[in-house]
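Below are the chains, spelled out letter by letter.
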Amino acid sequence: MTPGSFEADALSALRLAERGDFSVSRRLCRVDAAPEPAWVVGLRAQARLAGLDLGPLEGLDALRLEGSAGWFAATQLDRLSLLSLAESRPAWLERASGDPTDDVAAAGELTSLLRRAFQGEGASLVEAARALGARAMRGRLASVVVEAKAVEALALCEHDLSSSLQAARHASRMAQSEGLPQPQYTANLVLARVRRRTGHPHLALRILGALEQVAPPAWSGWLQWELFWAGAPGTQEIAAPARALLAAARAADLAGFDAARDRLRGRFAPMSPFGRDLARLVAVTDPRPGAETPETADWIHGREAELPAGLAALTGEDGPRAWVARAPGGPARRLLGPARPLWEAHAGPTVQLCSEERAAGRTGALLASLLFSGPGGVAEAELFARVYGFPYVRELHARVFGVLLHRVRKEVETIQIERVDGVCRATHDRAVCLPDPDASLQLEERLLRWIAREGRQEARRVAEELDVPLRSAQAVLQALVEDGALVRERAGRSFSYRVEDTTFQEPTSA
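Conventions and cut-offs
Residues numbered from 1 in each chain as written. Predicted model: local features only at pLDDT ≥ 70, side-chain atom pairs only at ≥ 80, totals over all residues. Heavy atoms only, no water. Helix = DSSP H or I, 4+ residues; strand = E, 2+ residues; numbered from the N terminus. Buried < 20%, exposed > 50% of the residue type's maximum accessible area, 1.4 Å probe, protein only. Contact = heavy atoms within 4.5 Å. Lys, Arg positive; Asp, Glu negative; His and termini not counted. Charge placed at Lys NZ, Arg CZ, Asp CG, Glu CD. Pairing = 2+ DSSP bridges. Core = buried A, V, L, I, M, F, W, Y, C linked by side-chain atoms within 4.5 Å. Phe/Tyr/Trp six-rings, centres within 6.5 Å; stacked < 30°, edge-to-face > 60°. Salt bridge = Lys/Arg side-chain N within 4 Å of Asp/Glu carboxyl O. Polar contact = N/O pair within 3.5 Å; in protein donor to acceptor, adjacent residues only side chain to side chain. Expected span 1.5 Å × (residues − 1).

Draft legend 1. Structural context of the overall build of the protein. A tally of regular secondary structure across the protein gives 23 helices and 10 strands. In terms of principal-axis extent, the alpha carbons of the protein reach across some 95 × 55 × 40 Å. When each of the 510 residues of the protein is scored for burial, the buried share is 54%. Of the contacts made within the protein by residues no fewer than 6 positions apart, 64% connect residues no fewer than 24 positions apart. Each charge class in the protein can be summarised by its mean position, and for the 62 positive and 65 negative side chains these summaries are 4 Å apart.

See the structure below:
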């Protein structure tokens, strides 16, 4: 076989392989003394991304990465390296030289953009991804079009979640329409990440659970990472340091926590998507000053009520999702649910001011507002508005507000509540905490998490699992159906319910 005919067949093989047909690749990988070894390496690496073994990847250090063959091999090797999330990820494309064909060049540029996204480039990468997608559209390079849109969504994820979700949904639909296996994996991994970051881990689990059934081992690094952060049970090796950090927090092990934190910080670039995941987790679990990040500071210090996006699935299903804690003389702060023991290791034995049930009402809202107001206190009009949700009119509300303060004083003896000259303040001589009233795990989310994990369920089974009355379960299920989060299907004489992401269907295997 001449070099020219081998290259023509190789170009045909790589295009067929994009749609899951490796018949030509198999034949070329069995050729003795191939005219250009880089083509064989590239085809074998491409097959490995699809879960096929067409031979070993040998002699890589001495491989000449020139022309189309070199660019193609470097592109596929880089993809393997990136998807693994390995600690050391060599950049093969930096060694490639020469002039590749247009489609090989576009695939190489796409992989370079994905690397840049993994390194943490955001807004600056969006236009590059869009430009590549436009060129690929003109060249009818469907796989590049799809994955360029997915890279755009990934780059937008830390800066513009609304646009990121729109781009990720678009990429997922295109991948499915085109019947491209690997772009489906990329698009739906990004979509799952964006779903989690927008506060819908149950939808992320739905997507990732389907991917886990079909995605080849080469994709397991990124996939297992996203599964961990979406709250999937299991022992994802890639997330072992993050799991160790949470375990140390639950065990009140400050030294173990610091060791796990240091391992995490050495794993990924701080501004990468994965480094940002880790920084957010450390910020909401480490009780010591200085751990917060700009995107978690408002939640930690009580200026924002909603748990930072992407962390809800790590709160656990036992106990409060988050705590409001304060040591005597210090500022109040929020902590992720599992971090209370770590707080006590730092601040000393801590008194819980009320139960999670009481914290979900006005008692919790009052106590949290007083703790966050600090030693200077808070004007009673502002405190009333925070607790009741409407403006304070002294002539109408002073007596009602006074009754609430009196009742809370009687219920909570650890903390002293003063009301002097229109200012309310709380003092205490021991470290205190209470379940965060703004982070109570609502029945809707508990239900969605459980159905996303367990699959299709009937209302009676839901009520039994969540220990709520059947009518309560039915009412929540109906509301979620109307909201589009669940699909109701007839099962004999009754109905069953399943989680639905309207843009996602299970990808086919390569």
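Draft legend 2. Representation of the sheet that holds strand β10 (residues 494–499). An order of β8-β10-β9 is seen for the 3 strands of this open sheet, with the pairing classed as antiparallel. Two strands in the sheet have a free side with no partner beyond their single neighbour: β8 (457–458) and β9 (486–491). Of the pairings in the sheet, the one linking β9 to β10 comprises 6 bridges and is antiparallel in character. Looking across to β10, one finds that Glu 489 is bridged to Ser 496.

Draft legend 3. Seen up close, unusual backbone geometry. If you check the backbone angles, Leu 85 has positive phi at about 55° while not being a glycine. The class of Leu 85 is buried, set by a relative accessible area of 0%. Positive phi is not limited to glycine here, since Ala 252 has a value of about 60°. Position of Ala 252 among the secondary structure elements: in the loop between α12 (240–250) and α13 (254–265).

Draft legend 4. Expanded view of the nonpolar core. Ranked by size, the top nonpolar core spans 133 residues in total, and within it Leu 208, Trp 229, Leu 281, Ile 451 and Leu 486 carry the most contacts. Residue contributions to this core peak at 11 residues, all from helix α7 (residues 142–156). With 28 residues, the next largest nonpolar core counts Leu 367, Phe 384, Tyr 388 and Ile 415 among its residues.

Draft legend 5. Structural view of the packing of aromatic side chains. Taken as a whole and judged by the stated rule, the model has 15 aromatic pairs. Between Tyr 185 and Trp 219, the aromatic rings sit 5.2 Å apart at their centres with planes inclined by 75°, giving edge-to-face as the arrangement. Of the two residues, Tyr 185 sits in helix α9 (residues 181–197) while Trp 219 sits in the loop between α10 (201–214) and α11 (220–229), which places them 34 residues apart along the sequence. For Trp 219, a relative accessible area of 1% gives the class buried.

Draft legend 6. Expanded view of α11. Counting buried residues along α11, 9 of its 10 residues qualify, which places the element largely inside the surrounding structure. Those residues of α11 that are buried are in contact with α4 (67–84), α5 (102–119), α9, α10, α12 and α14 (273–285). Phi turns positive, to about 95°, at Gly 231, one or two residues after α11.

Draft legend 7. Molecular detail of the side chain of Arg 326. With respect to the helices, strands and loops of the structure, Arg 326 is situated in strand β1 (residues 322–326). For the buried Arg 326, no salt bridge is present, and the opposite-charge side chain at shortest range is Glu 418, 10 Å distant. Within the local environment of Arg 326, its side chain forms a polar contact with the backbone oxygen of Leu 371, the two atoms lying 2.9 Å apart. A polar atom in the side chain of Arg 326 sits 3.0 Å from the side chain of His 428.

Draft legend 8. Focus on α9. The first and last C-alpha atoms of α9 sit 24 Å apart over 17 residues, in line with the 24 Å expected at 1.5 Å per residue. Counted residue by residue, α9 has 17 buried out of 17 residues, so it is predominantly covered. Of the residues one or two after α9, Gly 199 is the one with positive phi, at around 90°.

Draft legend 9. How the structure looks around the pairing of β1. The buried fraction of β1 is high, at 5 of 5 residues. Along β1, one buried face is formed by Ala 322, Val 324 and Arg 326 and the opposite face, lined by Trp 323 and Ala 325, is buried too. Judged from the 4 bridges that link them, β1 and strand β2 (residues 333–336) form a sheet pairing that is antiparallel. Within β2, the residue paired with Val 324 across the bridge is Arg 334. Hairpin connection of β1 to β2: 6 residues between the antiparallel strands, including Gly 329 at a positive phi of 80°. Here β1 runs beside strand β7 (residues 431–435); their pairing, made up of 4 bridges, is antiparallel. Across the sheet, residue Trp 323 finds its bridge partner in β7, namely Pro 435.

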